[in-house]
Amino acid sequence: MRWWDIEPVLELEKDLFPEDAWSRGMFWSDLAHARGPEATRRYVVAEDGGVIVGYGGLAAAGDAGDVQTIAVAREHWGTGLGALILTELLRAATAFECAEVLLECRVDNIRAQKLYERFGFEPIGFRRGYYQPGNVDALVMRLNDPSTSVQGTEING
C-alpha cells in the first residue's frame, strides 16, 4: 500500500466497517512506518482490474506481530483473497522475525474467525467493548511461529 491507495482504501473501509472505520490519519500514520530500514509495518493492497478490492496491514514490535486490519470487498468474499492477504502479512511477520502474531476480530465476524483458525490462530481472550461506537467485543487470537503457516504457500496473480 502506498499513500495514493489511501483514498480508495477508505472507500472500501467505510463500506465494510461503517461503525468503526479507520480514519485517513490512521492509515497515514501506519504507512509512515512501512518503508525504509527501520520499518515496523507492512501494508498490502489487492487489485482487480486496477480497482482495490482488498487490503491488510501488520505491525511488528519486538518479537510480536499484530494484524492491524484485513478487508476484502464483498463481491470477492469466498474467493480466497483474504487468505492471500493474510499469507502476505504472515510472510512479513516472518521477515520481521516475529515469534507470534496477535489479532483482534469482532466476536460476530465468524467468517474472519474461520479464516484465522485455518491458519492456526487460536482464541486467547476477549477485549470487551473494543469496537466503538457499537461497543462490540473483540476476540483476541494468537498464532505461534507464523513461519509455519506460510511454508509452501504461493501467491499468484
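Residues numbered from 1 in each chain as written. Predicted model: local features only at pLDDT ≥ 70, side-chain atom pairs only at ≥ 80, totals over all residues. Heavy atoms only, no water.

Another point: the sheet that holds strand 1 (residues 41-48). With mixed pairing, six strands are arranged side by side in an open sheet as 1-2-3-4-6-5. Taken across any chain shown, the strands that pair with only one partner, and hence form the sheet edges, are strand 1 and strand 5 (122-131). Strand-to-strand twist of the sheet, defined as the mean angle between neighbouring strand axes without regard to direction, takes the value 25°. Relative to strand 3 (residues 64-72), strand 2 (residues 51-61) runs antiparallel, the two being bridged by eight bridges. In the strand pairing of strand 3, Gly57 is matched with Thr69. (Pairing = 2+ DSSP bridges. Helix = DSSP H or I, 4+ residues; strand = E, 2+ residues; numbered from the N terminus. Axes fitted to C-alpha atoms, helices over the stretch in contact; angles between N-to-C directions.)

Once that is clear, we can look at helix 3 (residues 81-95). For helix 3, with 15 residues, the first-to-last C-alpha span of 21 Å sits near the 21 Å given by 1.5 Å per residue. Those residues of helix 3 lying buried are Leu81, Gly82, Ala83, Ile85, Leu86, Thr87, Leu89, Leu90, Ala92 and Ala93. Phi for Glu97, located one or two positions after helix 3, is positive at around 65°. (Expected span 1.5 Å × (residues − 1). Buried < 20%, exposed > 50% of the residue type's maximum accessible area, 1.4 Å probe, protein only.)

This part takes up the environment of Gly62. Here Gly62 lies in the loop between strand 2 and strand 3. Residue classification places Gly62 among the exposed positions, given a relative accessible area of 68%.

We now examine the UniProt feature "domain: N-acetyltransferase" (unreviewed entry) in the protein chain. Within the UniProt annotation, "domain: N-acetyltransferase" (unreviewed entry) is assigned to residues 1-146. Within the segment residues 1-146, helix and strand shares are 29% and 37% respectively, and the terminal C-alpha atoms sit 21 Å apart. (UniProt positions renumbered as here; feature names shortened; annotations may be inferred.)

The full count for this structure, using the stated rule, is nine salt bridges. A salt bridge links Arg127 to Glu104; the shortest N-O distance between them is 3.2 Å. Within this pair, whereas Arg127 is found in strand 5, its partner Glu104 is found in strand 4 (residues 100-106), the two being separated by 23 residues in sequence. On the basis of relative accessibility, which here comes to 16%, the residue Glu104 falls in the buried class. A network of salt bridges, in which partner residues are shared, links Asp20, Arg106 and Asp108. (Salt bridge = Lys/Arg side-chain N within 4 Å of Asp/Glu carboxyl O.)

Relative to the helices and strands, Asp137 is located in strand 6 (residues 136-144). Within the local environment of Asp137, its side chain forms a polar contact with the side chain of Arg128, the two groups lying 3.0 Å apart. Polar side-chain contacts of Asp137 include one of 2.8 Å to the backbone nitrogen of Gly129. Not counting residues within four places of it along the chain, the set of residues in contact with Asp137 comprises Cys105, Arg106, Val107, Arg127, Arg128, Gly129, Tyr130 and Tyr131. (Polar contact = N/O pair within 3.5 Å; in protein donor to acceptor, adjacent residues only side chain to side chain. Contact = heavy atoms within 4.5 Å.)

With 42 residues, the main nonpolar core has Phe27, Val67, Ile85, Leu86, Tyr116 and Phe121 as its most contacted residues. Broken down by element, this core gets its largest block of residues, eight residues, from helix 3. Those residues in contact with Phe121, other than ones at most four positions away along the chain, are Leu86, Leu90, Val101, Leu103, Tyr116, Met141, Arg142 and Leu143. (Core = buried A, V, L, I, M, F, W, Y, C linked by side-chain atoms within 4.5 Å.)

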